[in-house]
Structures are given as C-alpha cells and as structure tokens.
Protein chains: 4
Amino acid sequence: MQEVTQKLFFASDYQEGCLPQILDRLTTTNMEHAAGYGLDPHSKHARELIRTACGTPEAEIQFLVGGTQANEVTIACALHPWQAVVAATSGHVSVHEAGAIEAGGHKVIELPQREGKINAQQVEACAEAWETDGNRDHMIQPGMVYVSQPTECGTLYTRAELEALSAACHAHGMLLYVDGARLAYALAAPENDVTLTDLGRLCDAFYIGGTKCGALFGEAVVVPHPSTIPHFFTQIKQHGALVAKGFVTGKQFEVLFEDGPDGCLYQRLGAPAIAAAQRIKAALAQKGIPLAMENPTNQTFLVADQALLQRLDGRVEYGFWERVDEDHTIIRFATSWATDERDVDALLGLL
Amino acid sequence: MQEVTQKLFFASDYQEGCLPQILDRLTTTNMEHAAGYGLDPHSKHARELIRTACGTPEAEIQFLVGGTQANEVTIACALHPWQAVVAATSGHVSVHEAGAIEAGGHKVIELPQREGKINAQQVEACAEAWETDGNRDHMIQPGMVYVSQPTECGTLYTRAELEALSAACHAHGMLLYVDGARLAYALAAPENDVTLTDLGRLCDAFYIGGTKCGALFGEAVVVPHPSTIPHFFTQIKQHGALVAKGFVTGKQFEVLFEDGPDGCLYQRLGAPAIAAAQRIKAALAQKGIPLAMENPTNQTFLVADQALLQRLDGRVEYGFWERVDEDHTIIRFATSWATDERDVDALLGLL
Amino acid sequence: MQEVTQKLFFASDYQEGCLPQILDRLTTTNMEHAAGYGLDPHSKHARELIRTACGTPEAEIQFLVGGTQANEVTIACALHPWQAVVAATSGHVSVHEAGAIEAGGHKVIELPQREGKINAQQVEACAEAWETDGNRDHMIQPGMVYVSQPTECGTLYTRAELEALSAACHAHGMLLYVDGARLAYALAAPENDVTLTDLGRLCDAFYIGGTKCGALFGEAVVVPHPSTIPHFFTQIKQHGALVAKGFVTGKQFEVLFEDGPDGCLYQRLGAPAIAAAQRIKAALAQKGIPLAMENPTNQTFLVADQALLQRLDGRVEYGFWERVDEDHTIIRFATSWATDERDVDALLGLL
Amino acid sequence: MQEVTQKLFFASDYQEGCLPQILDRLTTTNMEHAAGYGLDPHSKHARELIRTACGTPEAEIQFLVGGTQANEVTIACALHPWQAVVAATSGHVSVHEAGAIEAGGHKVIELPQREGKINAQQVEACAEAWETDGNRDHMIQPGMVYVSQPTECGTLYTRAELEALSAACHAHGMLLYVDGARLAYALAAPENDVTLTDLGRLCDAFYIGGTKCGALFGEAVVVPHPSTIPHFFTQIKQHGALVAKGFVTGKQFEVLFEDGPDGCLYQRLGAPAIAAAQRIKAALAQKGIPLAMENPTNQTFLVADQALLQRLDGRVEYGFWERVDEDHTIIRFATSWATDERDVDALLGLL
C-alpha cells in the first residue's frame, strides 16, 4: 500500500518550510521596496503587534535568525563580563550550543534539573552561595537565570513557578531570561497557564520562537525594558546576527501576530500539534508502551523495545534520545504545525 | 502624474524580497520533510552545483545567513589566535561591521586603498615588515588578506591582480579570502575577467553572496581545501550561525546554480543591473554630472550639487555617501536584479 | 606573655615574601644587565635545570606570574575553539578563577569529585559520551583534562592514577594538564609517588608552582612537546602575561632548581611544611578534633566547634572553609616553607 | 683595557633589577605575614600615597605586573563591547602588544601620529565622523583615547595638549587613558609641565609605570572615579592578572611614593637618566651625528652611519630601530635609573 511505504516524519519540528499564510505574505509583498536591517514598516508593525501581545509597550524587539543565535547574542549582551548565566544541566545553552555561551565569555552554572526544570529555591541557593562566600570577589557572579518554556523535556513551568523564579532573580539582582524556541506549543497546551503577558511581566528578556513554530526562520527577542541591553542593535551587528533583509523576518512575525477573529496565529498554530501528541500518548498508554517522561506539549518521549524499533525501522523518522539497556531505547516523536493527521493515523497503526 | 509621485528606489541592492524562481521553489517544496542543519538533499545538491561551478571538487561549503556573519565566522575560524587579517581601509570588515572581527579576537590591519583595492605589493610589504621586525614575536602576525569582489567602491580586481594577491599571500604563509557579497554583479560586468573557477583556484576561502544577489537571504562560504578550517560546522554552531532549517538556504542556492540553457542563474542575474547602471552612468556623463569614482558594476557614485539633490528629494531613495563641500555631496544609486527599467527611465528624467 | 599575644599565621601559604636564598640571589645579581622577556641567561639556565629535573629535554618552558594566569593562558592557548576543559567541580578553574577560562572562550565541563580528585573512568565516560552522541557536532568537545597536584583538598594523585588519567586522555585525543600551584608540598609528602619526571612523561602541559612554594612570585609552565602550543610566546604577550624583566622569575627558578648536595631546593623546601602539618594533625587526633578530610600535604581541614573557634579568635589567622551547623565550622590551617616551628608549638597550645 | 672590553648597556630601561631602596624594603619585610591579593597594609598604604600624590582621594588603584597587562586589562574593563580605543599608529597598543586589545574584543582605531603624538583636533574629528555617520549603528563607537606619556618616541604631551585631549574626549563621551610606562622620565624632564595631579584631574584612567622606572616589576593603575570600571578586582582576577602576593608590588610602590626630604622617590628617580640622555644628545650634536627625532626624555634616537655602528659593535648594546638606507640606521640609546655615569663616559668615547 502506498501509505505504508511512504515514510512518516516525526523526528523534529523544524523539518518543513513554513505555514502557508507566511509563504503567501512573502509572495504578495515580494517586490515591495523596503529599508534594510529591520527598519521597514513590516518589522515595525510586527514589533507593535508583539508589544501589544506581551503587554510590554516599551519593549525593544529584535528579530534574529535562530534559537542558538538568540540565546548567544542576548545572553552575551545582557551579562556583564564578571557574570555567569545559571541553567539546568539539560538546558539548551548547557549542552547543545557547542559552547556558544562560553565562547562569548560567560560561564554556564549548571543546576540539577527535574523534568527539565529548575526552581526558585535552587536559584536562591545559588545566589546566596555566591553572596555569602568570603571568596566571592574571586568568583563569577550569577547574573542571569536561563529557562526554556517549554523545556527541552517538553514540560512547562507554571505561572506560579515562573513568578517565584522571577522574584528570586530580582531579589538577588539577577535577570530572568526565557528561551521560547517552542513557545507556541506551550501556549497551545491546555495545562499551560503562562501567557505572553506573563512573560512580558516576569522576564527581563525572552524570545518568541519562530523557526520551530511555523516560520521559515526567525525568533523575536523581547526586552521589556530596553535599558537592560544598551546598544543592542550595534551589538547584534557585531555578533554577525543582523540581517540586511530584516523585513523577511518582520513580515513573518506580522503574519504570526496579526489579530484575527480567533486571536493571533501564534496563539493557535500549536493546537493541532498538541492534539496529535495527545493521540500518540493515548495510544502508547493503551498499548502499554511506557513514556520516558510525561509532558503536555508536542514532544513524546517513550521507551521503545527492540520489537517496536523494528516496526518503525525504515517507516518512521524519529529522534533517538538515549539507550537505556540492550532491549530498551528512549526515542522521541515530535509533532508540529506541519503534522498531517493521516500521518499520525499511520504511526499509530505501527505502534 | 502617477509615475512622478511614486517613489523610485535606488538606495541599495537588498531592498526587495527575492527572484521569483526562488520563491517558486520555496513554495513548491514547502511541505517536503527534510533533515535539519543543512544535511538535507537540497543543500547537498546545491553544494555539488557550487563545487562544479567553482572547480573545487573537494570544497567544504557552508550556507550562512548574511555577509557580516560570513566574514566574522569565516575569518575567526580560519585565523589562529596570534594572527590578524589585512584589509583595505575601505573594506567592509574595517568599517561597517561594528568591530565584529575584533570582537572575535583579531586585529584588522588596514592598508591604504586605491579605488577600494589593495595590491600584491602592499601585501608583500606588510608581510615582510612583520617577518623582518626584530620585535615580531611581540606583534600580531598578518595571517590572511581580505578583499571584496566587487569592492565596496564597485570596482573589480582583475584576474592578474587576484593572481598576484594570491601568490603574495601564499609566498608569505597567508590565506586569501574574498568577500563576494555582490559577486553576481562582478560576474555580469563585461569588464570582469575573474570567474568562479578563478576564485576556487586562487582563494583559501570566499563567499558567494546571495542576499544582495537575488536570494531572500544567504551566503555560500566556499573553502576549497576543507582542512583550512577544521570543525567548521561546530564552530558555525558555536558562533550562533547555524540555522535549523538549512534547507531554506540550500534550496535557494540550488535555484541559483542549477544549469539552464543559458548557464546558471547566478551567472546571469546581474546583467540587467549592470545594464541599468550603465544607462545611469551614460546619462550622468551626458549631463555633465561627475562621477565620484568610476566602476563597472551595479553601484554608481556621483557628485550631486544642491540643485540635483532638490530634484531627487522625495522622489528617489538613494544612498548618502559623503559631503564634499557646501554645494556638493557624493551619493550612490544602486541597481539590482530587482530594478525595473521604467524606474530607470523615471530616474533619468529627473537628472 | 609576648608569645601569646603575638598573632599566629596559618591562613595560607602565600603570606610571606620568599625563601632567603632567593632574596640573596636577587640582591647579588640586582645590577646585572640582562635581555628582557625571559631571553636572559638566568632564565635560559633555569629552563635547562627544569628540563633536566622533568626529563623533558625538548620542553618549552615559560615563566608566568601567578597560578590563575598560568591556567588561563595555558588552557586558552592549548585548546582549539571547539574544545572544552574537563575538571573536578572543586577544581580551581571551576570555582575560584572568576570565570577566566570561560572569558577565554572555553567551557569547563565539571565532573563530580571525590576528595578533590577525578579518575580515568570518569574521563573516559565523558569522552565517550561526546564521541557517541548523535548530536556531537552541536556539542563542545572535551579537549583537555585539568587536575591539580596536590588537589584543592590537599590530596594527592598516585602515579598509577595519573598514568590512568594520561592514558584515558590520550586514548581519546585529549590533553592532560596538571596545576602544580602547591607542587613542592606534594613532592615533599612521604606518601607521594609522583615525581617531576612522571609529570614530564604523562602530561601535555603542567606548571611548577613558585608563588606558594617559596618564590616571591612565578610559575613555570612546562610543555614537554612544544608543538602542543604553537606561538606560545606571542600568545603569552597577547594575554598580557609576558613580563619585561623576565630574568626576575628566571633567577628565582634557577635558585629553586640548582642542584645541591641534597638535591634541588624545590624538592626539599616543602618538607618542614609537611612536618608541621603532621604535628598539627597528630595533635588534633589526640584531642579528638575531627578532620574534615584526610590529606598528606600542607593543608589541614578540621571541624572546629565554637569553643575552639573562641580559643583561636584574635590569636590565629586561619582559613574559613564552610559552616557545617550552628556549632561546627570547617576551617583550614595551612603551613608553608615559611612556617616557624615555635608558631606551631603555640598553635598546638591553643587547640 | 678592562673598561673598553666590558660591554655597555644602553638597549633598554628594563635590563636591571630594581632600585636598592626597593630591594632593602623587600628584604627587611620579607618574613612579615600579610593578607593576599593586595589587601595587605603595605598595598593599602601605597594606594593612599598615590592617591595623595595624584590628588585623587577617591581613586581605585590596582597594582598590575606589566605594561601590556595594564593596558589590556584596563582597556577591556573600561570599554563597552560596542566601543573601540583610539590611538596613534605608533602607540604601544597599536603595534607592540601582539593584538592584545583586539584579543580582548576591541578595535584599535589608529590615527596618524606626529612625533608619537595625536591631538585633540584629531580626536574630535574621529568622534564627529562616527557621530555624524548615517551608518554609525553599524560601526564601532570610539569610546576611549589612549596616549602615552612620554610617548613611544620619548616626546611629551604638554599640559595644554592633555587638557585639550581631555576636553575633546569628555565632550564626546569618551574616556582618556594615559599609558605611563616611563612616567618617571617624563616627571624628571625639565621641559615637562604635566604633573601627577594633572593626570589625576584630566584622565579617566592611567597607569604609573614601575617596571621601567626602578621597580622589580609592577604598574599602578589609577582610576580617579571608581565607577568608571565596575568590579575591577574581579575582572582583574578573570584576566589572570591578580597576584596572590600583592604585597610585593604594594611594598615597591610604598617605597616609590613615600615622602622624603626631597619629595618622593618616583619624582626624583628619573633625573640621572635625563641628565645622562642630555649628555649623550649634546655629544651627538657636537660630533654632527643627527638625531632621528628630538625628545626631552631618556631615549635618544639617532641616525648612525656604518662607521659608528662598527665602533659600537660588540662594545655597546643598543636598540635597533629602523634601517634608513644602506649606510644609515636609526638606533636607540636608552638610559635609566640604573645607568652608571662611567658607562656614559665610555659610550661618549666611542661616538
């Protein structure tokens, strides 16, 4: 049968182009003339839309190209030379950015994680350890906390948890930064109670992910109080992160944040991915295939035995996570804005 | 009249989206599933096409997003810590990258330019000055020469000049790097005798510009001998310059370098821009408006008096270059793949 | 009584000037004329003496000023940009260098320590984790292992342990670097079986500490195979770590490594410090005051109760380490080449 | 004859140990116990003495080890990431620090020099060029001016010139930094009208050179308003520039700045060097040997012909500067606190 031999793609959420609405907009506006470097009307409009959505009327918003770039540039520009960023051991900046934060001159102080998260108590203990150490002038100062929403494990911080983290940071003179690479999938998760305005209210900087959330590329870095990062534009240029045709990113975020009858696209685009993930999780539960960890977003981490891996082999692209033992492997199915429900049907048929 | 009140855009060559062929390809392939980080078939194919076009079968080719990024990352990765890059005082890396090269740890040794160019004698003198200085172990070593083709002034290196530069570099253990941000306009200029295979033969690294040459974004960094830059992929990641959806850039360069009945698009796309620039230059000559400097590519630098500036005011977007005196200003008209011939007509009518 | 009111100094091993032999040499040679930057005969002689002592006839030896500088410069110069250094969580580079390694661009991968040490199995696991990770091209590569001899806890690596670490490093393409800030106290400890020639044979770089071992200042960085760090001299200059009057350091290491009837001074100078530390440890044992951890070198870490702290108060300078609970605190007594036996007597009288 | 065969040393001013008063102090205080890292009473006293001498009661003063280190650390810590330092093409930071400033992330904007100096007009033009450039957000901002007193050519800034430079800097939001590697020889020159209090009043940071001015090593960085460089201590540690036995430098500057019947030693120690240089210059004039450039301090740059070079050969160590033509070479005779008048006699006999 055709359907069976066609490969199913659940390896990641950045494997297709972009939402058709974005491609349409790029097409219809293609030959418009515009100023470069994000100074064009589309970028300006997109910034206004994001400011409104986040409740941050004064925010500086810069469009960057990718997530590691957003982290590297924002963290380097927000920290002083004598400061470090604090992150979970599982944080993207800790393990999967090829040492980009350190290449920018800053230590990543890694805290033990629980389901991909760190908490306010850990942050306070970390800050107090530095503050009360007699040798602290010989030590790097924790200057910022980095968390991801959703986390690298697909889990979510609750509003109360983020509020506690924010309070802990600010009580100790630290900045709170949220990596929102997959933020649309958090916003679309029924369990989620953290809104864009919560991020705008609690964070000193965060980015709204586009690449994994339906854009061709692009992340919107939001700095609610611009004085947090002086000369950000020039520093972005210095990091090689300023694009000449900034309007290409601006147009995409314009599409994502324009208000429609059902709210803006960014708030809605993750829903099908969450629904698909829930179907997968339900099917796994039904078949007694254990999850490696629970989470309410678009990634499903499961413990596959050899028999299952053989059934998937050659038919499904999935993410390899970790070998548990000879017969068990943790793998990941990622759904996204691009996931076709028929592909989910086909995947469930293979489980 | 409608045509007169509509604004004319000659400010730069990165003010519109992209060639329609590129948009078509992105559209028709939008929902294809592909591996991330440039490991997809489109990127691989584009690399093969570029290798063939440049006569560099072994070359490592990495797609980056913009010109400053291409310069910053490639130079930082190719130089040793104790080495500097040598460039014209007018070089993009010298003045218009916000200190990105130095932020990466390397000095830019600036040599006096003539029409935007430096020559082999200067390079040799620079290398020999270091080699013969008794204090050279206390001095940064010139490790690479940076030139642009076309230069920031729109002028072109001849093949003989590039051969001499390449020989001078290699005689003194230096690398030759060419910034090809506007390379398509060099290739399309009748005066040009430097081909892609010349670049492949003479350079240790160069990039083929996409952003200013009809792509939505993207530059192809070509390293003819991959050992010149070890672990380039990881270093690109570390610089925050690796994009998840690498296939978006790959598809664009695939379109630009696919062979057609008249050769590949990249070889042809600059021709209308050159023709338009020639029409502008001829009109200026006819009207006795002096050029600030001659060049055979898509940028026209002219000395405008106040009367001309007033005629252009509000009707034409152009590039401001430099005030000469109270009554004279150097300005730039840039044409591009996107220039409409009717706009050129209208501009000529205003001169 | 005079002796009781005079303060006793056991806070650290860098609180006095230098061995009288060193001061004598500086005095008698003070008005000699010499070349700068370590190119003088004394520095050359000192290098030869160290090469002989370490069994490394080809070694490049550079004299730096302090321990953090030696670590920062050597690690930055030996690592490639895509590499990290692996160290114990208690390593000096991990906690007490104000982020110097990261400011130089490199991550410190921290491994759990046991009595201040890490072992070959941990190093192998760390290397293999990177080698076998499907995402390793997105990850920093472990490129060097950093250990201290003695460790920050005063413990010693055995020869067998160092051999295993060296083998693990070299099996995985990593360098082994030993921080010898207090190396003289290791060499003088009866339990020690690691010689200078062992270090020369097993390490890719190490430094022989002067500052804490009787010199006015200065550390000798030894690179057994000079090609390990190209252009080291220029890189030292670039780090601001080259001193004009290099002969001042050279003369000191000449004194420390000149052969005498009982071997060289560096091999002997730690013995009285070890003897003094043993007397302190014996007295603590006798009085039932527990050690926080055992070690055979010049630092004694003990758990002091409030009564003891009161007896010491105002009379003894000691190092504060960590509060255990309301009534117990870990403190450190450090002895050194400068410790006066009568001060030890007086200290024991207070315990 | 003994006197003739003994070599004469005029190559530099860092070729001998230190002033006997310094060695005496190090000797008599050698076994004192003191806190580390410059927190000891000697360092504190030395700081007070320097604050008084410079009329900067609030100044932060940090003792570093050498001149390149003082420049590299102070400039890196005082500049923001988006800023560059402006210096003469002949400035030490421009040519003889192996790219240390750039390795710290900052561009050195080089201005043409005249007798080693730059002036306020040049600085203003440089600042205004940036301020008025439409592309300035893509350009590095001139954030500091670096000058040396005396300059690398031995010339002096007048008080009026420094006041103009200071005013130009502050009018454009830039810092003024003075490299005083040879400051004692400026202070001792009869032509000099720039005092330590002038430096304290006009500069945002400067360093008082010890290494070339009679100390064993050490430079005192003075920051009149400490808020200019936040967390300077920790940043010094991070640069590997903090020495454990800071008291060794502190004691030396205590000796240099203690008030005596004839003022402090630092004000007086350069006088014999200046007198010796004047004798040399007078003798050259008398014999018709031309100077390469005039200056009133301790360096004499002369144009030597082959005959003279042969007379000096093997008898005098001097500094090679630059070959002029086949028969003429610019060489340097440097005098210092350590110059013996009889050696000057012998040198004059050879001219």
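Check the entry above for the structure.
Residues numbered from 1 in each chain as written. Chains lettered and ligands numbered in written order. Predicted model: local features only at pLDDT ≥ 70, side-chain atom pairs only at ≥ 80, totals over all residues. Heavy atoms only, no water.

1. Section: the overall build of chain A
No. 1: Secondary structure summary: chain A contains 16 helices and 13 strands in total.
No. 2: Its C-alpha radius of gyration of 21 Å places chain A within 12% of the 20 Å reference for a compact globule of 351 residues.
No. 3: Principal-axis analysis of the C-alpha atoms places the extent of chain A at approximately 65 × 55 × 35 Å.
No. 4: Counting only residues that meet the buried cut, chain A has 64% of its 351 residues in that class.
No. 5: By element, 51% of the accessible surface of chain A is carried by carbon and sulfur atoms, the whole surface being about 12500 Å².
No. 6: Each charge class in chain A can be summarised by its mean position, and for the 25 positive and 44 negative side chains these summaries are 4 Å apart. (Helix = DSSP H or I, 4+ residues; strand = E, 2+ residues; numbered from the N terminus. Rg over C-alpha atoms; globule rule 2.2 N^0.38 Å. Buried < 20%, exposed > 50% of the residue type's maximum accessible area, 1.4 Å probe, protein only. Areas by Shrake-Rupley, 256 points an atom, 1.4 Å probe, with all protein chains shown as cover. Lys, Arg positive; Asp, Glu negative; His and termini not counted. Charge placed at Lys NZ, Arg CZ, Asp CG, Glu CD.)

2. So, the relation of the copies chain C and chain B
No. 1: Structural alignment of chain C on chain B gives an RMSD of 0.1 Å, achieved by rotating through 180° and translating 0.1 Å along the axis. Those values place the two copies in the arrangement expected of a two-fold rotation axis.
No. 2: Most of the interface of chain C is mirrored in chain B, where 100% of its interface residues are also at the interface. (Least-squares fit on C-alpha atoms with pLDDT ≥ 70 in both. Contact = heavy atoms within 4.5 Å.)

3. Examining the relation of the copies chain A and chain B
No. 1: Of the two same-sequence chains, chain A is brought onto chain B (RMSD 0.1 Å, axial shift 0.0 Å) by a rotation of 180°.
No. 2: Of the residues that chain A buries at the interface, 100% are likewise interface residues in chain B, meaning the two copies contact each other through the same surface.

4. Quick notes on the interface of chain C and chain B
No. 1: The interface of chain C with chain B comprises 16 residues on the first partner and 16 residues on the second.
No. 2: Summed over both partners, the interface of chain C with chain B buries about 1500 Å², with 62% contributed by carbon and sulfur atoms.
No. 3: Taken together, the connections running from chain C to chain B amount to zero salt bridges.
No. 4: Seen at the junction of chain C and chain B, the total is eight residue pairs in polar contact (both at pLDDT 80 or more).
No. 5: Residue contributions to the side of chain C that touches chain B peak at five residues, all from helix α11 (residues 232-238) of chain C. (Buried area = accessible area lost by both parts, 1.4 Å probe. Salt bridge = Lys/Arg side-chain N within 4 Å of Asp/Glu carboxyl O. Polar contact = N/O pair within 3.5 Å; in protein donor to acceptor, adjacent residues only side chain to side chain.)

5. Remarks on the state of the cysteines
All names here are of chain A.
No. 1: One pass over the structure, following the stated rule, counts zero disulfides over all chains.
No. 2: No disulfide involves Cys 169; its sulfur sits 9.1 Å from the nearest other cysteine sulfur, which is in Cys 203.
No. 3: In this structure Cys 169 comes out as buried when scored by relative accessible area, which is 0%. (Disulfide = S-S within 2.5 Å.)

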